[in-house]
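# A closer look at the structure
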Amino acid sequence: MTQRSCRDLRVEHLCRPLAVGAVSPRFSWIADHAQTAYRLVVTDASGSVTWDSGRVDSSETSLVAYAGTPLAAGADFDWRVESWSRDSVLDGGSTFGTAPDLDAWSAPWVEPVQVSAVVERWSLLDWIRGGGPTAPVEERLRPANLLRQAFVLDEAPVRARLHMTARGVYTAWLGGERVGDEVLAPGFDSYAHRISVQTYDVTRQLTAGENVLAVALADGWWAGRIGLTGSSAQFGDRTSVTWELHAAFADGRTRVIRPGATDVRSGTGPWRYTDLFVGECYDARALPDGWREPGFDDRAWTPVVQRGVDARALVPFRGEPVRRVQEVPARTVRATPDGWIADFGQVIAGRVRLTLPALPAGSRVVVEHTETLDSDGSWFVNIAGINKEQTDVFVADGEEAEWEPEFTFHGFRYARVRGVDELRPEDVVAVVLSSDLEQTGRFSTSDARLNRLHENVVWSQRANFLSIPTDCPQRERAGWTGDLQVFAPAAANNALVAPFVSRWLDNLRSDQRSDGRVTITSPYSPFDAEAAEKATGLGGIVAAAGWSDAIAIVPWTLYERYGDVRVLEDNYDAVLAWIGFQTRTAADELPATLAAGDLSPERRARQALLYNTGEHFGDWLTPSTMEGRPTHEAIGIAPALTSELVAPMFQAHTLTLASRMAEVLNRPEAAGLAARAARVREAFAAEYVSADGGLPVRLQGMYALALGLGTIPDDLREAAGDRLAELVRERGSRLDTGFLSMPYLLDALWDTGHRDLARAVQWQSEAPSWLSQVDRGATTIWETWDAIAPDGTIRAMSFNHYAFGCVDDWLFRRVAGITPTAPGYRRVRIEPDLDAGVTRVDAAVGTPYGEIAVVWRRAQGTVTVRVTVPFGVEATLVVAGETVPLGPGTTERAWDRVEERARDRADEGAEHV
Ligand code: RAM
């Protein structure tokens, strides 16, 4: 017997979460051996066993659900895993490699890992609303509230947890120190339905004697400006906060401290106004001396207003909070007549921290932000719209200062600073904000441009995974469903996105309309709903093809990449409800071009199956529909041209995904859904696909979608693929796909035998193309290809939109060759494209079982491939026509004469034909 260890113990995907919201949390670990059995033991704080799984003969190490007696709310629990392995299992058919040789059995007890309550124990009774002056100090804007509660403890606690949330955004201090390291808590949720509660360990911040909990509370997403219109107060026009402190003492006593109307006082301080879009004004003169410490005289402050909390809306926060994840120094700082322009060399979401000299009290330092300068280097603001100033103001108090805004963030690469005589590069730093996800993937090649493209995707992901997945971090900052739907697979290669995306799905479900419509953004505010009702055209859209289908596609992506079945369970009913809406609409409506009376009974029956009416975004931002037109004019063309085709294609896709979900979940609807999907596909083919594989709209995107979503009959796939290839060639191998079809284009070409063309599109350097952006200095993915036109003209578009970055998934799957063939990478196929146009690739993805890494090199006809596979993953390596099963560990092999082999294979193929 040898001691073998497990590592990376996780609860609900996360390492050592302090609090877990799930009633039946799932445990994961990584076994550094071929596990054949496990045993999980969970004990409560008193050491009593609440669950002993017994020995379970299973190789599963990921997401094993708790099945013991309900875990006590509010109490810590421990869990341990015991994991056995057997030698014989290890060889796994591998004929080479470095699989470690293990003794027959091993039964290690792993370090117990402590996590806190599964079911949170708060009762959070009252919202506390600041009573200070709330009248606007500057047009349209309000100051942040300061609140403080002083309380006395007769001894220091041995354990203390603070549960807290706000309608607004808050920062709290206890014992004079900031509570936790997150920013913009509680994060963005669909507040009308759910507000996330944070839990902090504050044991070390409490002492015997007087303690002070100090809180600054600002508008944030609740009352501040957000979304396309930048309108304020979309969820409510007044902020409030609630908290509850649970302290336990050495002798077993406990105490709960809640804010009350009499012991909380409120005032205002340095944040004269602060808003996510407009920016923040911090007046250093107005900082009340010592307000976060005991002894501060708050008698001049006002009492607060107390209102009962609707406890149903409160949910434990799930996933990773927003943090300052990185700092980017200024590359250059230069003087212009209008101020100092700092260039951070990278488009980010975040804010600027300034080191300021002692400036005369009352003087103002103004910081503006933008993602791009104009072609002549002058200041240019690339986001249009009121309320989107992205300008921070510091009002000096005569002292030196280090200042970073607290309750706002901006999308920028450049900052223009006014009000200082001099600004040195070391005086200014960009602080990157993002939901603090674990970065799991890497991708680099021998080609610097391809590497930069990948980096740009990672940066756009970082900037737009900020509390919720957003379209862009400057203009709208909205949780557009379509954008995430196309980007989710790429995102999952780069980071562990399951908890973050699952929390967003929780929001999306809560936003679903009672008739089954899945909203185009989530959070979807009451204001959004009202605005859509009043609007016509694109502005009136509530649900849309390819956007609303995110309810099926995103959970399926998480299942595919993480093997997470619960995410399917959680979203399945919502998918059925959306299908219900599509089905009813299909039965009730006919496209305007068809008159009911003229249709044959067969056509009528087919049309009644197809969801092909209504207003949609279609294949949004399809390049050829935009070129040469002003944006406002161009924007509606793709929707008008493509919606009738796009909507039923996504309808078919969602039906298929729903039937697969039903199968995984053992639901009785599986067969019915699959049959319906087949009928919709047949109807689509009969109504829209010509006998020679043609579609009524001659756009790359329509063919890419039809091939990718399987709405072309099998026998016409080749013909349709040829038509797609023809369209791509007509455009000189440049992109002409919009948001929805982009993820399917390269695979559609590849799968129909146009591999060289797919490679040519990927390598294309003339716009529209990915590398054209890189060549024009992009550091993130742009919303449109002509955000900077070939002649250098800059357009007022977003420079940080991840949607078109979906190609990153292709780079991992095709260039590195890592494709999951069973959920959670339980099985993986590694088939790098040796003709990808690079001589070296070094890539890895994180999986629930550990990292899968691939390094391949090509030199003078010889290809060397090194693959590292974790235990629990069955890998197949396919190189130069040879298929090799791989065991765990690192395997390196070389193939020579790869060109000849390829030729031989091609000849063989020809013979077969
Ligand atoms: C734009 C957003 C987003 C897109 C919608 C349809 O305004 O930026 O990317 O999904 O419109």
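Residues numbered from 1 in each chain as written. Predicted model: local features only at pLDDT ≥ 70, side-chain atom pairs only at ≥ 80, totals over all residues. Heavy atoms only, no water.

Looking now at the overall build of the chain. Helices and strands together make up the secondary structure of the chain, namely 20 helices and 42 strands. Relative to the 2.2 N^0.38 estimate, which gives 29 Å for 913 residues, the radius of gyration of the chain is 29 Å and therefore close to what a compact globule would have. For the chain, the proportion of its 913 residues judged to be buried stands at 61%. Across the chain, every contact between residues at least 6 apart in sequence was considered, and the portion connecting residues at least 24 apart equals 74%. (Helix = DSSP H or I, 4+ residues; strand = E, 2+ residues; numbered from the N terminus. Rg over C-alpha atoms; globule rule 2.2 N^0.38 Å. Buried < 20%, exposed > 50% of the residue type's maximum accessible area, 1.4 Å probe, protein only. Contact = heavy atoms within 4.5 Å.)

Below, the discussion takes up the site of the ligand. Around the ligand sit Asp471, Arg475, Glu476, Trp480, Asp483, Trp547, Phe617, Trp620, Phe739, Glu783 and His801, and that is every residue in its neighbourhood. Separating an oxygen atom of the ligand from a side-chain N or O atom of Asp483 is a distance of 2.6 Å. At a separation of 3.0 Å, an oxygen atom of the ligand approaches a polar side-chain atom of Trp547. Protein chains bury 95% of the 290 Å² of accessible surface belonging to the ligand in isolation. Split into classes, the residues belonging to the shell around the ligand amount to five nonpolar, one polar and five charged. (Near = heavy atom within 4 Å. Polar contact = N/O pair within 3.5 Å; in protein donor to acceptor, adjacent residues only side chain to side chain. Areas by Shrake-Rupley, 256 points an atom, 1.4 Å probe, with all protein chains shown as cover. Nonpolar A, V, L, I, M, F, W, Y, C, P; charged D, E, K, R; others polar.)

Two numbers describe how helix H8 (residues 565–588) lies on helix H12 (residues 637–664): the axes approach to 9 Å, and their chain directions differ by 140°. Taken together, the axes of H8 and H12 lie oblique to each other. Where H8 crosses over H12, the two elements pack in a sense that is left-handed. Facing Val565, Leu568, Tyr572, Val575, Trp578, Ile579 and Gln582 of H8, the residues of H12 in contact are Gln651, Thr654, Leu655, Ala658, Met661, Ala662 and Val664. When the residues that make up the contact of H8 with H12 are grouped by side-chain class, the tally is eleven nonpolar, three polar and no charged. (Axes fitted to C-alpha atoms, helices over the stretch in contact; angles between N-to-C directions. Parallel < 35°, antiparallel > 145°, perpendicular 65-115°, else oblique. Left-handed = near helix turned anticlockwise from the far one by under 90°.)

This part takes up the domain arrangement of the chain. For the chain, the assigned domains read domain 1 (6–105), domain 2 (116–319), domain 3 (323–435) and domain 4 (827–912). Distance from the C-alpha centre of domain 2 to the C-alpha centre of domain 4: 54 Å. (Domains from an automatic or database assignment.)

A few words now on the nonpolar core. Core analysis: the biggest nonpolar cluster contains 217 residues, and Phe344, Leu354, Val497 and Trp770 have the highest contact counts within it. With eleven residues, H12 is the single largest residue contributor to this core. Among the nonpolar cores identified, the runner-up in size contains 27 residues, and Leu153, Leu162, Leu174 and Val304 belong to it. (Core = buried A, V, L, I, M, F, W, Y, C linked by side-chain atoms within 4.5 Å.)

Our next topic: unusual backbone geometry. Across the junction of Ala185 and Pro186, the peptide omega takes the value 10°, indicating a cis bond. Tracing the backbone shows Pro186 in the loop between strand S13 (177–178) and strand S14 (195–201). Here the amide bond leading from Ala767 into Pro768 is cis, since omega sits at -5°, within 30 degrees of zero. By secondary structure assignment, the location of Pro768 is in the loop between helix H17 (755–763) and helix H18 (770–775). Of note in this structure, Ala233 is not a glycine but carries a positive phi near 55°. Judged by relative accessible area, Ala233 falls into the partly exposed class, the value being 32%. Unlike most non-glycine residues, Leu621 shows phi in positive territory, near 60°. Note on placement: Leu621 falls in the loop between helix H9 (601–607) and helix H10 (623–626).

Okay, the pairing of strand S37 (residues 840–847) next. Among the eight residues of S37, six are classified as buried, and the element is accordingly described as predominantly covered. Alignment of strand S32 (residues 442–445) against S37, held across four bridges, turns out to be antiparallel. Its bridge partner lying in S37, Arg442 is registered against Ala844. Sheet analysis places S37 next to strand S38 (residues 850–859), joined by eight bridges and oriented antiparallel. If you follow Gly846 over to S38, its bridge partner there is Glu851. (Pairing = 2+ DSSP bridges.)

As a further point, take the packing of helix H16 (residues 742–751) against H17. Running from amino to carboxyl end, H16 crosses H17 at an angle of 155°, the nearest separation of the two axes being 7 Å. Between H16 and H17, the crossing angle belongs to the class labelled roughly antiparallel. Crossing geometry of H16 relative to H17 is assigned as left-handed. Contacts between H16 and H17 pair Leu745, Leu746, Leu749 and Trp750 from the former with Arg755, Leu757, Ala758, Arg759, Val761 and Gln762 from the latter. Here the residues of the contact of H16 with H17 are counted per class, giving seven nonpolar, one polar and two charged.

What follows concerns the pattern of salt bridges. Considering all chains together, one arrives at 66 salt bridges under this definition. For Asp251, the salt bridge is made with Arg253, and the minimal N-O distance between the two is 2.9 Å. Salt-bridge contacts for Glu404 lead to Arg351; the nearest nitrogen and oxygen are separated by 2.8 Å. Residue Glu404 is located in the loop between strand S29 (401–403) and strand S30 (410–418), and its partner Arg351 is located in strand S26 (residues 339–356); the two are separated by 53 residues in the primary sequence. Exposure class is identical for Glu404 and Arg351. Each is buried. Beyond isolated ion pairs, a larger network of salt bridges with shared partners links Asp189, Arg194, Arg318, Arg503, Asp506 and Arg509. (Salt bridge = Lys/Arg side-chain N within 4 Å of Asp/Glu carboxyl O.)

Hydrogen bonds between backbone atoms are what pair the strands of a sheet, whose relative direction is either parallel or antiparallel. Strand order in the open sheet formed by six strands is S13-S12-S15-S10-S18-S21, and the pairing between neighbours is antiparallel. The strands lining the two open edges of the sheet, one partner per strand, are S13 and strand S21 (302–303).

Ordered by their spatial adjacency, five strands build an open sheet running S32-S37-S38-S39-S42, and the pairing between neighbours is antiparallel. This sheet does not close on itself; its edge strands, each paired only once, are S32 and strand S42 (889–895). In this sheet, adjacent strand axes meet at a mean angle of 10° when their direction is disregarded.

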